[in-house]
Amino acid sequence: MGFKGKVEKLLRWANIWMAQFEAVRMPNLRSSKENGKVLVIKTDAIGDFIIWLDSAREFRNIYPGKQITLMCSAPCVEIAQATGYFDEIITLNIRKFEGDNSYKKEMLLKLRELSFETMIQTAYSRTVHMDMLAASIPAKEKIGLVSDETRTNLSRYITLKHNKRRLDAVYDRLIPVSSQWLMEVKRNGELIRGLGRKDFRTGMPVLNKYDARPEIIPEGDYFILFPGASTPKKMWDIKNFAAVADYVYEKTGWTAYVCGSREEQYLYGKLAEYKKPETVIRDYFGKTTLMELSEVIRHAKLVISNDTSGIHFAAAVNTPSVCILGEYNYGRFLPYDFDRKEEGGVSPMLICNADMTCKRCAVGKMTSECKACIAVTGRYLCVDKVTVEQVTGAVDEIINTYEV
């Protein structure tokens, strides 16, 4: 990380630290109305939002006849609309809310004009700014989860104990959670059971078919690569992706469609530089909406991805996939784990990881070897140690065992 990056990180931490003092001074706004309106707050990133979909559909069962409003980030609006689970959607940029005081002030003024019978903060890693949101929205009843207190939830981790108690007091009820390390699908299930669906058993998230533009779906047989990620630390070497693309093309003749955000488009040039001349790849960075992307993935033979939203799309549309997974918080977001395994019909997701003794350093301590690897390569050691042979072996297993 360069000097500018370090300064920005320190400023973000300072802002997070100071937010607790602002939050505890805010009035906890209430509404006395039984207006039949329920607000569900889910401001997570795209992958986390997809993981949540299996639980999201239960709100209709918990609150029959109520008007259900969702608050989510802008990229997730299209997904939320496609589910049909919600009557209204409010957009909030949680990162901007955390770092831009003028935006925060604007949103707080708008939110104070709303009124709900019930407000549900769905996050397990509940941050100070999420509690600030909960306090600023008038509701007769406010419900949340007992918060994640580990180092992965930095905002909560660095908050003073007496301020944590005051922030918890924003809620009328905090639903207890297991102290076990749980995959997020199961953690989401704890909220649903706590809201009254005692017999709820979690399953794979599902994205229903979407009426995408016909021309956006590639012709012929193809597979998909997602070489990007939310941070360079999670990104497997692009040379390795090129080697895997070569392998799959030589084995199957399938075209590789390389997907991700517009900001990640530079990776296409690098992949084109390192692949063999005969390997056919296509640039699909930023060429689709998210729901169109889900259909591109649904029609693919195979997805090969870093730990990013693409792998969760593959799970939700039941396309076989291979994930190059770092072990920083292994088991929380990947691999998938859920209760309704007897249903079957779930396409394989094979995980390629390094199986290191420092697994789950997100709640422990990063080793000096990992810090050195980041300094040289920009990526976690556990990501860097995944081999091309591991990934091509997983590809072979999917092709041969599951007859893709």
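Residues numbered from 1 in each chain as written. Predicted model: local features only at pLDDT ≥ 70, side-chain atom pairs only at ≥ 80, totals over all residues. Heavy atoms only, no water.

A short note on the overall build of the protein
Then, number 1: Helix and strand counts for the protein stand at 17 helices and twelve strands.
Then, number 2: Over its C-alpha atoms the protein spans a radius of gyration of 22 Å, differing by no more than 12% from the 22 Å that the globule rule assigns to 404 residues.
Then, number 3: If you line up the protein on its principal axes, its C-alpha atoms span 65 × 50 × 35 Å.
Then, number 4: Among the 404 residues that make up the protein, the fraction classed as buried is 54%.
Then, number 5: The long-range share in the protein, meaning contacts at least 24 apart out of those at least 6 apart in sequence, stands at 74%. (Helix = DSSP H or I, 4+ residues; strand = E, 2+ residues; numbered from the N terminus. Rg over C-alpha atoms; globule rule 2.2 N^0.38 Å. Buried < 20%, exposed > 50% of the residue type's maximum accessible area, 1.4 Å probe, protein only. Contact = heavy atoms within 4.5 Å.)

Some remarks on the sheet that holds strand β3 (residues 88-91)
Then, number 1: One open sheet holds the six strands; their spatial order is β3-β2-β1-β4-β5-β6, and the pairing between them is parallel. Unpaired on one side and paired on the other, β3 and β6 (173-175) mark the two borders of the sheet. In this sheet, adjacent strand axes meet at a mean angle of 20° when their direction is disregarded.
Then, number 2: One ladder, built from three bridges, connects strand β5 (residues 139-145) with β6; its direction is parallel. (Pairing = 2+ DSSP bridges. Axes fitted to C-alpha atoms, helices over the stretch in contact; angles between N-to-C directions.)

A short note on the nonpolar core
One recurring pattern in soluble globular proteins is that nonpolar side chains are buried together.
Then, number 1: Counting residues in hydrophobic clusters, the biggest one holds 50 residues, and the most contacted among them are Phe59, Ile79 and Ile224.
Then, number 2: A total of six residues in this core trace back to one element, the largest contributor, which is helix α2 (residues 46-56).
Then, number 3: Phenylalanine 59 has contacts with Val40, Trp52, Ile68, Ile120, Thr122, Leu191, Ile192 and Leu195, leaving out every residue within four places of it along the chain.
Then, number 4: Phe285, Ile324, Ile374 and Val395 belong to the second-largest nonpolar core, a separate cluster that totals 41 residues. (Core = buried A, V, L, I, M, F, W, Y, C linked by side-chain atoms within 4.5 Å.)

Some remarks on a nonpolar patch on the surface
Then, number 1: The grouping of Phe3, Val7 and Leu11 at the surface amounts to a nonpolar patch, some 340 Å² of accessible area in total.
Then, number 2: Relative to the helices and strands, phenylalanine 3 is located in helix α1 (residues 3-25).
Then, number 3: According to the relative accessible area criterion, phenylalanine 3 is exposed, its value standing at 70%. (Patch = residues over 30% accessible without salt bridge, like charges linked within 9 Å, V, L, I, M, F, W, Y side chains within 5 Å. Areas by Shrake-Rupley, 256 points an atom, 1.4 Å probe, with all protein chains shown as cover. Salt bridge = Lys/Arg side-chain N within 4 Å of Asp/Glu carboxyl O.)

Quick word on empty space enclosed by the protein
Then, number 1: Taken as a whole and assessed by the stated rule, the structure comprises one cavity of 30 Å³ or more.
Then, number 2: Roughly 70 Å³ of volume is contained in the largest cavity.
Then, number 3: Together, Glu327, Met356, Cys358, Lys359, Cys361, Lys365, Met366, Thr367, Cys370, Leu381 and Cys382 line the largest cavity.
Then, number 4: Residue composition of the lining of the largest cavity, by class: seven nonpolar, one polar and three charged. (1 Å grid on protein atoms, 1.4 Å probe; cavity = no way out; pocket = protein on both sides within 12 Å on 5 of 7 lines; lining within 4 Å. Points joined across faces, edges and corners; volume = space filled by probe spheres on them. Nonpolar A, V, L, I, M, F, W, Y, C, P; charged D, E, K, R; others polar.)

So, the packing of aromatic side chains
Then, number 1: Within the structure shown, the criterion is met by nine aromatic pairs.
Then, number 2: Seen in terms of ring centroids, tryptophan 17 and phenylalanine 21 are 5.5 Å apart; in terms of plane orientation they differ by 75°. Their pairing is edge-to-face. Placement of the pair is tryptophan 17 and phenylalanine 21 together in helix α1, with a separation of four residues, close to one helical turn.
Then, number 3: Its relative accessible area of 25% is what places phenylalanine 21 among the partly exposed residues.
Then, number 4: Residues tyrosine 222 and tyrosine 257 carry aromatic rings whose centres are separated by 5.2 Å and whose planes lie at 65° to one another, so their mutual orientation is edge-to-face. Taken as a pair, tyrosine 222 in strand β7 (residues 222-226) and tyrosine 257 in strand β8 (residues 255-258) lie far apart in primary sequence, 35 residues in all. (Phe/Tyr/Trp six-rings, centres within 6.5 Å; stacked < 30°, edge-to-face > 60°.)

Here's the deal with the pairing of β5
Then, number 1: Of all seven residues in β5, five are buried, a share of seventy percent or more.
Then, number 2: The parallel pair strand β4 (residues 116-121) and β5, bridged by helix α7 (residues 128-136), forms a crossover whose chirality is right-handed. (Right-handed = clockwise from strand over helix to strand, strands pointing away.)

Section: the pairing of strand β10 (residues 303-306)
Residues in a regular strand project their side chains so that they alternate between the two faces of the sheet.
Then, number 1: Side chains of β10 alternate between two faces, with Val303 and Ser305 and Ile304 and Asn306 buried alike.
Then, number 2: For β7 and β10, the ladder comprises three bridges, and the chain directions are parallel. By the bridge assignment, leucine 225 is partnered in β10 with isoleucine 304.
Then, number 3: Here β10 pairs with strand β11 (residues 321-324) via four bridges, running parallel. Bridging across to β11, isoleucine 304 finds its partner in valine 322.
Then, number 4: What joins β10 to β11 is helix α14 (residues 309-316), and the crossover it makes is right-handed.

Considerations on the side chain of histidine 312
Then, number 1: Relative to the helices and strands, histidine 312 resides in helix α14.
Then, number 2: Not counting chain neighbours up to four residues away, the residues in contact with histidine 312 comprise Gly47, Ile50, Ile51, Phe333, Leu334 and Tyr336.

Comments concerning unusual backbone geometry
Then, number 1: Residues leucine 334 and proline 335 are joined by a peptide bond in cis, for which omega reads -5°.
Then, number 2: Among the structural elements, proline 335 can be located in the loop between β11 and β12 (349-352).

Topic: the pattern of salt bridges
Then, number 1: In total, this model carries 27 salt bridges according to the counting rule given.
Then, number 2: Linking aspartate 87 and arginine 60 is a salt bridge whose minimum nitrogen-to-oxygen distance equals 3.0 Å. Here aspartate 87, found in the loop between α4 (77-83) and β3, pairs with arginine 60, found in helix α3 (residues 59-62); they are 27 residues apart in sequence, far enough to count as distant.
Then, number 3: Arginine 156 is paired through a salt bridge with aspartate 168; the nearest N and O atoms lie 3.0 Å apart. Of the two residues, arginine 156 sits in helix α8 (residues 154-157) while aspartate 168 sits in helix α9 (residues 161-168), which places them twelve residues apart along the sequence.
Then, number 4: You can call arginine 156 buried: its relative accessible area is 3%.
Then, number 5: Using a relative accessible area of 21% as the deciding quantity, one classes aspartate 168 as partly exposed.
Then, number 6: Overlapping salt bridges, with partners in common, bring together Arg126, Asp131, Glu149, Arg156, Lys164 and Asp168 in one network.

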